[in-house]
Amino acid sequence: MRWQSEPLLVVDHLSMRFGGLVAVKDLSFQVGRGDITALIGPNGAGKTTVFNCITGFYKATSGRIALAHGAAATPDAVDVLTRSDRRRTYGKNPELFLLERMPDHEIAAQARVARTFQNIRLFPGMTVLENLIVAQHKTLMHASGWSIGGLLGLATYRAAERKALELARAWLEVVGLLDRADHPAGELPYGAQRRLEIARAMCTNPVLLCLDEPAAGLNNRESAELTKLLRGIRAQTGVSILLIEHDMSVVMDISDHVVVIEYGTKIADGTAESVKNDPRVIAAYLGVEDEDLAAADRVNADRAPAEEGRGS
């Protein structure tokens, strides 16, 4: 289980409050390197709030969010960085980042965390290809010397522009949109716009791809195609994927690891099969009486010593 032996992302005692509202409470989980991890829960459970904390849209009230490039994020290495006043390490393996200390643009550019949104956020008036070029603006701006090189058409900028076009076309081919490269993005069918958003995120070369309900609004055929696409992207690039999803057929089919939260608190964490059969997960989704919840707690309490014995 890579989320235990080789974590890429470690979320440790994360809490997020909005005034008197506690949206996330003391949440801890890990994302394994190369895993597809699903964060699920009923509506209002706090899933998108967790995403917003990881990607820097919100600053967590408390807790730690560590991400490692290279080797695993070991507790000792994370603790050393936490005790310092730095946001990241340099030139070490693993290279560590404390995301809760970083602004969103640094999380995207330096820690290499990309995301899509529940509501599609393409540039509808731009072409499909231009949407993917825009995702590479930092590389292009750097190559242009922050504009002068581009204006003068210097060789370094022309080379970077060619690479950007090649990368954009490569990802359009992966998501099956190369033949629509010159079409306005806003004219694509809904499912194609979802795939374009994923391709745009991948043009930033992420190590962690965060997808907020990528199957929302898709029919069964499109959901199956999305599952195949995400598996292919993981196999091709090795990127770790963290997704929020309500389509349980997608979650159970694609996930190596599932984390379940309710009212901002984790209630289950494990393989898709173990989570599917967890009484507290069933209770959270279906709704049960208080005495049934107490029975579920007793089942989990009885199960824990047996699982610890197997792991020792």
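Refer to the structure presented above.
None of these values were measured; they are calculated from a predicted model.

A. Inspection of the side chain of Ser-15 at higher detail. By the secondary structure assignment, Ser-15 is in strand E1 (residues 7–18). Among the polar contacts made by the side chain of Ser-15, one reaches the main-chain amide nitrogen of Asp-26 at a distance of 2.9 Å. Ignoring anything within four residues of it in the chain, the contact list for Ser-15 reads Val-24, Lys-25, Asp-26, Ala-60, Thr-61 and Ser-62.

B. Here's a closer look at helix H9 (residues 190–202). With 13 residues, H9 ought to run about 18 Å at 1.5 Å a step, and its terminal C-alpha atoms sit 19 Å apart, in line with that. Of all 13 residues making up H9, 11 are buried, and the element is well covered by its neighbours.

C. Broad picture of the environment of Lys-92. Its place among the elements puts Lys-92 in the loop between helix H3 (75–83) and strand E5 (95–98). Distance from Lys-92 to Gly-70, taken between C-alpha atoms, is 8.8 Å for residues 22 residues apart in sequence.

D. Looking closely at the sheet that holds strand E8 (residues 240–244). Ordered in space as E6-E7-E8-E3-E9-E10, the six strands form an open sheet in which the pairing is mixed. Each having just a single partner strand, strand E6 (113–115) and strand E10 (265–270) make up the two edges of the open sheet. Between one strand axis and the next, the sheet turns by 20° as a mean value, whatever way the strands run. Across four bridges, the pairing between strand E3 (residues 36–40) and strand E9 (residues 257–262) is parallel. Looking across to E9, one finds that Thr-37 is bridged to His-257. Against the sheet, H9 touches E6 and strand E7 (208–212), its axis set at about 155° to E7.

E. Summary view of the packing of H9 against helix H10 (residues 220–237). Relative to each other, H9 and H10 sit at 15°, their axes nearing to 11 Å. Put simply, H9 runs roughly parallel to H10. Considering only the axes of H9 and H10, their crossing is right-handed. Contact residues: H9 offers Gly-191, Arg-195, Ile-198 and Met-202, while H10 offers Glu-222, Leu-226, Leu-229, Leu-230, Ile-233 and Thr-237. Here the residues of the contact of H9 with H10 are counted per class, giving six nonpolar, two polar and two charged.

F. Main features of empty space enclosed by the protein. Inspection of the entire model under this criterion finds one cavity of 30 Å³ or more. Taken as a whole, the largest cavity holds about 60 Å³ of empty space. Along its surface, the largest cavity is lined by Gly-191, Arg-194, Arg-195, Ile-198, Leu-218, Glu-222, Glu-225 and Leu-226. Sorting the residues of the lining of the largest cavity by element identifies H9 and H10 as the ones contributing at least two each.

G. How the structure looks around the sheet that holds E5. Strand order across the open sheet formed by four strands is E2-E1-E4-E5, with antiparallel pairing between neighbours. The open sheet is flanked by strand E2 (21–32) and E5, the only strands paired with a single partner. Neighbouring strand axes in the sheet, compared pairwise and without regard to direction, differ in orientation by 15° on average. Relative to E5, strand E4 (residues 62–69) runs antiparallel, the two sharing four bridges. Note on E5: the bridge partner recorded for His-69 is Glu-95.

H. Seen up close, the pattern of salt bridges. The full count for this structure, using the stated rule, is 13 salt bridges. A salt bridge links Glu-197 to Arg-200, with the shortest nitrogen-to-oxygen separation between them at 3.9 Å. Of this pair, Glu-197 and Arg-200 both sit in helix H9, three residues apart, roughly one helical turn. Classification of Arg-200 as buried rests on a relative accessible area of 14%. Several salt bridges share partner residues, and in doing so they unite Asp-12, Arg-64 and Asp-79 into one network.

Parameters at a glance
- Residues numbered from 1 in each chain as written.
- Predicted model: local features only at pLDDT ≥ 70, side-chain atom pairs only at ≥ 80, totals over all residues.
- Heavy atoms only, no water.
- Helix = DSSP H or I, 4+ residues; strand = E, 2+ residues; numbered from the N terminus.
- Polar contact = N/O pair within 3.5 Å; in protein donor to acceptor, adjacent residues only side chain to side chain.
- Contact = heavy atoms within 4.5 Å.
- Expected span 1.5 Å × (residues − 1).
- Buried < 20%, exposed > 50% of the residue type's maximum accessible area, 1.4 Å probe, protein only.
- Pairing = 2+ DSSP bridges.
- Axes fitted to C-alpha atoms, helices over the stretch in contact; angles between N-to-C directions.
- Parallel < 35°, antiparallel > 145°, perpendicular 65-115°, else oblique.
- Left-handed = near helix turned anticlockwise from the far one by under 90°.
- Nonpolar A, V, L, I, M, F, W, Y, C, P; charged D, E, K, R; others polar.
- 1 Å grid on protein atoms, 1.4 Å probe; cavity = no way out; pocket = protein on both sides within 12 Å on 5 of 7 lines; lining within 4 Å.
- Points joined across faces, edges and corners; volume = space filled by probe spheres on them.
- Salt bridge = Lys/Arg side-chain N within 4 Å of Asp/Glu carboxyl O.

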